Amino acid sequence: MPQRARIAAVLGPTNTGKTHYAIERMLGHRTGMIGLPLRLLAREVYDKVVAARGPGTVALVTGEERIVPPRAQYWICTVEAMPEGMGCDFVAIDEIQLCADPERGHVFTDRLLRMRGLHETLFLGSDTMRGPINALVKGCEFIRRERMSQLGYLGSKKISRMPARSAIVGFSVDNVYAIAELIRRTKGGAAVVMGALSPRTRNAQVDLYQNGEVDYLVATDAIGMGLNLDIDHVAFSSLTKFDGRRMRPLQPNELAQIAGRAGRGMKPGTFGTTGDAGQIPDDWVEAITSHSFTPLRKLNWRNPKLNFGSIQGLVHSLELSPNDEWLAKAREADDLMALKTLGQEAEVQARATNPRSVQLLWDVCRIPDFRGISHAEHAGLLQVIFQHLHERGEIPRDFLARQIKRIDRTDGDIDTLSKRLAFIRTWTYVAQRRGWVDDESHWREATRAVEDALSDALHERLTQRFVDRRTSVLLRRLKQKEALLAEVNDKGEVTVEGEFVGRLEGFRFRQDQGATGQEAKTLKQASLQALAPHFHLRADRFYNAPDTEIDFTEQGGLMWGDQAVGKLAKGDDPLKPRVVAFVDDTAGPDVVQKVERRLQHFIDRKIAALFEPLLNMQRDETLTGLARGFAFRMVEAMGILPRQLVADEVKQLDQDARGALRKHGMRFGQYTIFMPLLLKPAPTRLRLVLWSLFNDLDTFPEAPPPGLVTVPNIRDVPMQHYSLAGYRPAGERAIRIDMLERLADLLRAQDSRGGFEANADMLSITGMTLEQFADLMQGLGYRGEKGERNKVRRADEVVAETSEPSGEPGENEPVFDAAREEEATPAAMADPAATPPAADVVTGSEAIDDEGFAPVNEDPAPVEVDDHIAETPEEEILPGTAPDEALAGPETEVFYTFTWAGNRNNRGPRREGGGNRERDGGGRDGQKGARGKGGAPRGKGGPGGKKGKGGKPQGDKGAKTYESRPRKEQKIDPDNPFAAALMGFKGKS
């Protein structure tokens, strides 16, 4: 070696620019080589040199990666992979203090003693190496470099209070993952850096941190080896580590190596502890901040002159002890342990019989145990590889392809991907060995592709698990005090800075339920700040929205489309409710007032439109005296009054008063005083809501579905709820009050004393079967006598066609003379035993619109029509093979005869809110005694007598038969569900 070759040791603490100095010196020479302690750091330096000189002149050689262009001038290597005999002008060894490392120290010591550049050699490291280098390297000059920034101690801090741009150091994979998960929950996320990661994964994670997407880095002590990161604070989660053999305390110089990553360039840095690490002793803190440590006295050494004559000779040469006081025999490394294990195998002994095969065995044993499963597993894999290489000279192509294919999968969690990465690193290392595979470039590309795919997948999983991009982005923007940009799509989904944060329902923000803890606080703070302008824009749009976009629910809620924006509240008047707007406090009082005003306008206009007849009557100043008082009662009852509650007031009204009230649409029915227009579905629905609000109900009764003539009579439902809904319970069902009044008009024409049968019009009005109608009549106070009779077949019977009743109130109603109406009511009220009191005259103008027809629970019995063809048996019918009409007898039918029974059926219990509520509706509202003095019902015929043979009641004048007057035939609509029933009953009549 020329005497003019320069050997220098550049020593000093971290952040002194030693590595940067070495790169500059290397680039000043024609050729150069630099050895670095980590594959990660080697890749970082390689990228810098490539940026300065181009990829065609720079080579990267590590145990798992080999990029060697044809005209390489500068070699960037890991210390273990540095090729010997290259004759480079410049050589540098970084982190030379690792000569004292128990695992790898002997490799660094070997480079210290034997690796030289033709013109310049640099050793970069800590001041603790001054003594050993001075003793072992003759003619070495020393260059002292001072730290460019100050390093201070902050003591112990909780992770939740950790300052931004901090690195938390853990000493195991589990510890790193646990810390990263905690930071994700409290700070929005962290990047993860470990020595076991591939350079691709490590660089992607570092980019997360360097780009500011996260403010925290969780790493192993690998960051202490020269990784240049923008770190302000380093926190140790523990002061002990497992060194591969045992748990031991960290030394001050080791802590200083890691803590020195804090503060880059001229920016000062700090260090401290977190979690259960406790405090760092004061004398250690002083040593770290002043960079003064106990000098090294021993360097690990292993004999570089190996004997490949035999396995035993090789082992013996590796176990030789040094003869220098500065050197100490290195402890048994993994490669020596593997050599001893394989040397005991008979097959290996049979193969390793010459220096070439022993050297091959040693090269195989030097494959690192990337998998870390167990020593025996690793030795077994090495034996397979050695057998293939010794027998064939290379690893079989199909064998290597199978191994790689098993690993080439990117599914699974972080642990699974990490294991696959460790496995592929073994085959990546094998592919880098010259002559071990048949097509080196192919297998290097194949293993590199698998490693890159696994690295990307691992980075993705790490980011998904330990980085909450949403929270980290929002936190960063909040700290920067910039205006946050929020967007709300047509589904109400809210995104802030492109991150989903929740939903906007009306004027209330519903935060994403998946967020908890600090994340939830950050989301809420950022969301409400960003949504402030949206609330005002939304309020303006709502204020100008038409009434058709707003509606109320049957429980008093107020909806804007499908979003709840408020609710109704009790006011001083049932027809003047208040509104309560659902608006977040952060939206501001202006938004609240605007929403409330719009909702109040809506409900006021809705009441004015649906209750217009009622309000007009309330404002009519021409109503005086009893008429005005009765109008007040009607307004108070919201348009429906059971007649029994106002029987006395009705008697006192003269015809002028009734006429004045009728002008406002009021109808004086036999059972109910009501305003037909207020029985429509919309007013009914609103009436139930307003009444429930004013009476402080917790659960509001719901309006029956539109179009139903009858609904089930539920025992637990108060009578008043049915009345407000426009129905009157009678029997097992409740009938709509307008249809009940129409039925009452038909019943007044019947003989309620002598008895009568239901005709088709009655069944059509109610939409019931005969059995159901009988139950309804009993609920109204009639006695129904059931009987059977022979069904009559009439020759040449003509079925009278009749118009289809629509189920719409006000259609096909009988019209009576006014004189008859005025005569009927006094007579009925004077004689309680007479037929039920007559209702007021009703015309088509009082009809109530409805929707559809009432459903019929069971079809009426089919109508049989005689075909007028004489039955002529074609052949003899044997007994038992066909029904014999003579034996079967005539066909029978069921019928009911109804007579007035007064209040006989009053069997029901009292119901809440319903007064004396009858079971089956027994009796009728307003009747004051079901029978007269004699107790006999009054009707057009004579008193009832015994039943005759046919089951019909017989009196002095015999049974009465009522038939409909012949009508002009009208076509029956076949779509009418009652068409068959109408035809049948017309036929029977």
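**Brief notes about the sheet that holds strand β25 (residues 563-573)**
No. 1: The antiparallel open sheet is built from four strands, whose spatial order is β23-β24-β25-β26. A single partner strand is all that each edge strand has here, and the edge strands are β23 (550-552) and β26 (576-581). The sheet shows a mean angle of 30° between the axes of neighbouring strands, taken without regard to direction.
No. 2: Sheet topology note: the β23/strand β24 (residues 557-560) ladder contains three bridges and is antiparallel. Each residue of the ladder has a partner; that of I550, found in β24, is W560.

**Some remarks on the pattern of salt bridges**
No. 1: Taken as a whole and assessed by the stated rule, the structure comprises 52 salt bridges.
No. 2: Note that D745 is salt-bridged to R667, the shortest N-O span being 3.7 Å. Note that D745 is positioned in helix α26 (residues 737-747) and R667 in strand β28 (residues 667-668), a separation of 78 residues in sequence.
No. 3: Across the salt bridge formed by K786 and E771, the nearest N and O atoms sit 3.8 Å from each other. Residue K786 is located in strand β33 (residues 782-790), and its partner E771 is located in helix α28 (residues 770-779); the two are separated by 15 residues in the primary sequence.
No. 4: Residue E771 is classed as partly exposed on the basis of its relative accessible area of 40%.
No. 5: Connected through shared salt-bridge partners, R39, R43, D47, E64, E65, R200, R425, R448, E451, D452 and D456 make up one network.

**Considering helix α7 (residues 252-259)**
No. 1: Within α7, six of the eight residues are buried, leaving the element largely enclosed by the surrounding structure.
No. 2: Tucked into the core, α7 has its buried residues touching β9 (151-156), β10 (166-169), β13 (233-236), β16 (269-273) and α8 (282-290).

**Quick notes on the nonpolar core**
No. 1: Ranked by internal contacts, the top residues of the largest apolar core, which has 66 residues, are F507, M617, F630 and L661.
No. 2: With seven residues, helix α19 (residues 589-610) is the single largest residue contributor to this core.
No. 3: Contact partners of L661, with chain neighbours within four places excluded, come to M617, L623, A627, F630, A631, L653, M666 and F668.
No. 4: If you look at the next biggest cluster of nonpolar residues, it comprises 61 residues, including I179, L361, I407 and L417.

**Some remarks on the sheet that holds β28**
No. 1: Taken in spatial order, the three strands make up an open sheet running β27-β29-β28, and their pairing is antiparallel. On the outer flanks of this sheet lie β27 (640-642) and β28, each paired with one strand and no other.
No. 2: Sheet analysis places β28 next to strand β29 (residues 672-674), joined by two bridges and oriented antiparallel. The residue of β29 that forms the bridge with F668 is I673.
No. 3: This element, helix α21 (residues 625-636), spans β27, β28 and β29 of the sheet and lies at about 105° to β27.

**Section: helix α5 (residues 173-187)**
No. 1: Given a rise of 1.5 Å per residue, 15 residues ought to cover 21 Å, and the 20 Å separating the end C-alpha atoms of α5 matches this to within 8%.
No. 2: For α5, the set of buried residues is V176, Y177, I179, A180, E181, I183, R184 and K187.
No. 3: Looking one or two places after α5, you find G188, whose phi comes out positive at around 100°.

**Considering the pairing of strand β2 (residues 32-36)**
No. 1: In terms of burial, β2 is a largely internal element, five of the five residues being buried.
No. 2: Of the two faces of β2, the one holding G32, I34 and L36 and the one holding M33 and G35 are both buried throughout.
No. 3: As judged from the five bridges shared by β2 and strand β5 (residues 74-78), these two strands associate in the parallel manner. Across the sheet, residue I34 finds its bridge partner in β5, namely I76.
No. 4: Here four bridges tie β2 to strand β6 (residues 90-93), and the two strands are oriented parallel to one another. Following the sheet pairing, M33 is matched in β6 by V91.

**Let's talk about the packing of aromatic side chains**
No. 1: Under the definition given, this model contains 13 aromatic pairs.
No. 2: When the centroid spacing of 6.3 Å and the interplanar angle of 55° are considered together, the rings of F370 and Y429 count as tilted. Residue F370 is located in the loop between α12 (355-365) and α13 (375-392), and its partner Y429 is located in helix α15 (residues 414-432); the two are separated by 59 residues in the primary sequence.
No. 3: Both rings, one in F542 and one in W560, keep their centres 4.9 Å apart while their planes meet at 55°; by these two values the pair is tilted. Here W560 lies in strand β24 and F542 lies in helix α18 (residues 517-543), a separation of 18 residues in the sequence. Each member of the pair, F542 as well as W560, is classed as buried.
No. 4: Ring-pair connections join several aromatic residues into one group, and the members of that group are F756, F773, Y782, Y896, F898 and W900.

**Quick notes on the packing of helix α1 (residues 18-27) against helix α2 (residues 39-53)**
No. 1: Two numbers describe how α1 lies on α2: the axes approach to 12 Å, and their chain directions differ by 40°. By the angle class used here, α1 and α2 are oblique. Where α1 crosses over α2, the two elements pack in a sense that is right-handed. Judged by residue contacts, T19, I23, M26 and L27 of α1 engage V45, K48, V49, A52 and R53 from α2.

**Looking at the packing of helix α20 (residues 612-619) against α21**
No. 1: One can describe the packing of α20 onto α21 by two numbers: an axis separation of 9 Å at closest approach and a directional angle of 145°. The hand of the α20/α21 crossing is left-handed. Facing α20, whose interface residues are L614, M617 and Q618, α21 presents R628, A631, M634 and V635.
No. 2: Its residues placed into classes, the contact of α20 with α21 shows five nonpolar, one polar and one charged.

**Considerations on the side chain of T109**
No. 1: The residue T109 is located in helix α3 (residues 105-114) in this model.
No. 2: Excluding residues within four positions of it along the chain, T109 makes contact with C99, L299, N300, W301 and L327.

**Here we look at the side chain of T31**
No. 1: Mapped onto the secondary structure, T31 falls in the loop between α1 and β2.
No. 2: Owing to a relative accessible area of 10%, T31 belongs among the buried residues under this scheme.
No. 3: Within the structure, T31 has its side chain in polar contact with the backbone nitrogen of D89 (distance 2.9 Å).
No. 4: Residues in contact with T31, not counting those within four places in the same chain, are Q73, Y74, G87, C88, D89 and F90.

**A look at the state of the cysteines**
By definition, a disulfide links the sulfur atoms of two cysteines through a covalent bond.
No. 1: Evaluated as defined, the whole model comprises zero disulfides.
No. 2: Sulfur of C77: no disulfide; nearest cysteine sulfur belongs to C88 and is 8.3 Å away.
No. 3: Overall, C77 belongs to the buried group, its relative accessible area being 0%.

**Comments concerning unusual backbone geometry**
No. 1: One non-glycine residue, N15, lies in the positive phi region at around 60°.
No. 2: Within the secondary structure layout, N15 lies in the loop between β1 (6-11) and α1.
No. 3: In this structure N15 comes out as buried when scored by relative accessible area, which is 5%.
No. 4: Positive phi values are uncommon outside glycine, yet M638 reaches one of about 60°.
No. 5: Owing to a relative accessible area of 2%, M638 belongs among the buried residues under this scheme.

**Comments concerning the pairing of β16**
No. 1: Taking burial as the measure, the five residues of β16 include five buried ones, the bulk of the element.
No. 2: The side-chain alternation of β16 yields two buried faces, one formed by G269, F271 and T273 and the other by T270 and G272.
No. 3: As defined by bridge partners, β13 adjoins β16 across four bridges and the pair is classed as parallel. Each residue of the ladder has a partner; that of V234, found in β16, is F271.

**Brief notes about the confidence of the model for the protein chain**
No. 1: With 76% of its residues at a pLDDT of 70 or more, the protein chain has an overall mean of 80.
No. 2: Across the protein chain, element-level confidence peaks in β6 with a mean pLDDT of 97 and bottoms out in helix α29 (residues 818-830) with 34.
No. 3: Predicted confidence for residues 973-981 stays below pLDDT 50, and this span has 14 contacts to residues more than four positions away or in other chains.

About the cut-offs
- Residues numbered from 1 in each chain as written.
- Predicted model: local features only at pLDDT ≥ 70, side-chain atom pairs only at ≥ 80, totals over all residues.
- Heavy atoms only, no water.
- Pairing = 2+ DSSP bridges.
- Helix = DSSP H or I, 4+ residues; strand = E, 2+ residues; numbered from the N terminus.
- Axes fitted to C-alpha atoms, helices over the stretch in contact; angles between N-to-C directions.
- Salt bridge = Lys/Arg side-chain N within 4 Å of Asp/Glu carboxyl O.
- Buried < 20%, exposed > 50% of the residue type's maximum accessible area, 1.4 Å probe, protein only.
- Contact = heavy atoms within 4.5 Å.
- Core = buried A, V, L, I, M, F, W, Y, C linked by side-chain atoms within 4.5 Å.
- Expected span 1.5 Å × (residues − 1).
- Phe/Tyr/Trp six-rings, centres within 6.5 Å; stacked < 30°, edge-to-face > 60°.
- Parallel < 35°, antiparallel > 145°, perpendicular 65-115°, else oblique.
- Left-handed = near helix turned anticlockwise from the far one by under 90°.
- Nonpolar A, V, L, I, M, F, W, Y, C, P; charged D, E, K, R; others polar.
- Polar contact = N/O pair within 3.5 Å; in protein donor to acceptor, adjacent residues only side chain to side chain.
- Disulfide = S-S within 2.5 Å.
- pLDDT = per-residue confidence, 0-100.

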